[in-house]
Amino acid sequence: MKSSIHEECGVFAIYTKNFSYDATKSCFFALHALQHRGQESCGIAVNNKGIIKNYKNTGLVSEVFNNEKIEKLGIGNMAIGQVRYSTTGASCVENAQPLFIKHVKGPLALAYNGNITNAAELRKKFENLGAIFQSSSDTEVIAYAITYNRIKTNSIEEAVKKTVKILKGSFSIVLMSAQKLIAVKDTIGFRPLCMGKTKEGNIMFSSESCAFSIVGGEFVREIKPGEIITIQNGKIKLDESLCKNESRLCIFEYVYFARPDSIIENSSVYKARLESGKLLAKEHPAKADVVVGVPYSGVIAAKGYSMESGLEYCDGFVKNRYIGRSFIEPTQSMRESVVKIKLSAIEPNVKNKRVVMVDDSIVRGTTCKRIVKILRNAKAKEVHVRISCPCFKNPCYFGTDIDSKENLIACKMNLEEMREYIGADSLGFLSLKNLKKAINEKQKFCVGCYNGKYPQSIPNITNKNKFDEEIY
Ligand code: SF4
């Protein structure tokens, strides 16, 4: 896995017919499948005929939930859940999701993935109207906007629609009122959200299709940008009045965020990575003996590189799976040892060999530099670094923590300087043209962090400086 960009969030929702499925347990299992999208906190809200129970906490799904917690939530005909990595708001239980509130029109549970770029502005507006916020997360702003609009509308879905119109940024939301389950995506379609179903007719929504098979369901389709889907009494109501014809999905979902067994907008994440590796080999060939991938998201592209170049693929690294989010932050003097604990080279595979090392991205360059050093320490003769996406030259404002320009290595150095900094014998990045080709040439994407052209106006933030680089 790549270290320096964090996953975003994952959401899941299920509506069951006549309690034919255990909504609570389905949600619990589905969140396991989405765990790669966020490891800081998680939660499940369950609706049993209008009574909503919610439990959330910081930690992994397996740490937060056990049999007792699941039994306390009880059975339900609907449930929503979320795994979170914070791109805004602190990492604490108050900011964990789903958010559950009781307002004048009834209960509401809400979970989302994305980043509301006008959250601060909206928050101020609502505070001036008397709202009191309990967390620093923009989820509460969304919930407040919906409840505020609900007072002036006839239904929750109308309130959601009014809210979609005032929110800026990226959002894929699942929410539950006493009677209804609603899924909605922003009008640009930055973040994935798809619909699935089981053979019994139960309806599901998920950030990624990989969660459906876990609970015995199958992928139906991607939610359209701006689409609002409401389920009540087993009936599906579609509102496409805000829909745009085409989406601008975050292209980095295919490179890194999503699980390889997911299908997003009809394109397989696995195939996209494999194809990226093949095109990378064509674009940046190397005279080498073996190809290795940086675990985990560089591995498939490395296999593609090997297939195209004819160079042998071998496992270059072992990653310690048991170092979790609570791993002690090391002192400077301990950093090298920590790097070795997290990632080790398999020396017999790289010793005295010219190695092509494939990774998914370079942000600051510090992690890449450490990994190159690991290969050198294992006596690799040469290290040729190949990256399966273009250089990051701009920050992301739409739900990832790709950093401010001042921290992006490609904003400070040219290719040769970067190569020298990371200590590689050669360095090559996949071009944007080839990255798009690897996924689907006909599809439109957000590629703002690569070329600075965002599909929506960006907020006026002069110092986007949220960064937390994990250490190998
Ligand atoms: S700016 Fe980059 S990371 Fe952010 S949504 Fe667009 S493509 Fe994805």
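What you see is a predicted model; the values in this text were computed from it and never measured.

J.: Let's hear about helix α10 (residues 299-309): which residues, and what values?
T.: Residues of α10 that are buried include every one of V299, I300, A301, A302, G304, Y305 and S306, and no others. The inward-facing, buried residues of α10 contact α9 (269-283), β17 (290-293), β18 (312-313), β21 (354-359) and β22 (382-387).

J.: Now, about the site of the ligand: what can you tell me, with residues and values included?
T.: Taken together, R191, C250, I251, C396, F398, T400, I402, C446, C449 and Y454 are the residues near the ligand. For the shell around the ligand, the per-class residue count stands at 8 nonpolar, 1 polar and 1 charged.

J.: Can you lay out the nonpolar core for me, pointing to particular residues and giving the numbers?
T.: In this structure, F252, Y305, F317, M357, L375, V385 and Y450 are the most contacted members of the largest nonpolar core, which totals 73 residues. Residue contacts for F317: discarding those within four places in its chain leaves V292, G293, V294, P295, L343, S344, A345, I346, M357, I371, I374 and L375. If you look at the next biggest cluster of nonpolar residues, it comprises 27 residues, including F126, V141, I173 and V184.

J.: Could you give an account of the environment of E265, with specific residues and numbers?
T.: As for its placement among the helices and strands, E265 is situated in the loop between β15 (263-264) and β16 (267-268). We classify E265 as buried; its relative accessible area is 15%. In this view, E265 contacts K185, E222, S247, L249, Y254 and Q443; residues no more than four positions away in its chain are not counted. A polar atom in the side chain of E265 sits 2.7 Å from the side chain of S247. Within the structure, E265 has its side chain in polar contact with the side chain of Q443 (distance 3.2 Å).

J.: Can you break down a positive patch on the surface residue by residue, with the values?
T.: Where like charges cluster on the molecular surface, the positive patch consists of K125, K152, K162 and K165. Overall, K165 belongs to the exposed group, its relative accessible area being 57%.

So, how was this worked out
Residue numbers run consecutively from 1 along every chain, following the written order of its sequence. Local features are withheld for residues below a pLDDT of 70 in this predicted model, meaning they are given only at 70 or higher, and side-chain atom pairs are given and counted only at 80 or more; totals for whole chains, interfaces and linings count all residues. With hydrogens and water excluded, all non-hydrogen atoms of the structure serve as input to the side-chain values. We call a residue buried when its accessible area falls under 20% of the maximum for its residue type, exposed when it is over 50%, and partly exposed in between, using a 1.4 Å probe and counting protein chains only. Elements are defined by DSSP. Helices are runs of H or I of four residues or more, strands are runs of E of two residues or more, and each kind is numbered from the N terminus. Contacts were defined at the residue level, with two residues in contact if any of their heavy atoms lie within 4.5 Å. Near, as used in this document, describes a residue that has one of its heavy atoms within 4 Å of the molecule or strand being considered. All residues other than Ala, Val, Leu, Ile, Met, Phe, Trp, Tyr, Cys, Pro, Asp, Glu, Lys and Arg, Gly among them, are scored as polar; the first ten of these are nonpolar and the last four charged. By nonpolar core we mean a set of buried residues, namely Ala, Val, Leu, Ile, Met, Phe, Trp, Tyr and Cys, connected to one another through side-chain atoms within 4.5 Å. By the criterion applied in these results, polar contacts are pairs of N or O atoms within 3.5 Å in which, for protein atoms, one can donate a hydrogen and the other can accept it, and in which residues neighboring in sequence qualify only through two side-chain atoms. Patch construction takes residues with relative accessible area above 30% that form no salt bridge. Like charges are linked within 9 Å, and nonpolar side chains (Val, Leu, Ile, Met, Phe, Trp, Tyr) are linked within 5 Å. All accessibility values rest on the Shrake-Rupley procedure with a 1.4 Å probe; residue burial counts only the protein chains present in the view. Counted as salt bridges are all cases of a side-chain nitrogen of Lys or Arg within 4 Å of a carboxyl oxygen of Asp or Glu. Charged residues are defined narrowly, with Lys and Arg counted positive, Asp and Glu counted negative, and His plus the chain ends left uncounted. Where a charge sits is defined by one atom per residue type, namely NZ (Lys), CZ (Arg), CG (Asp) or CD (Glu).

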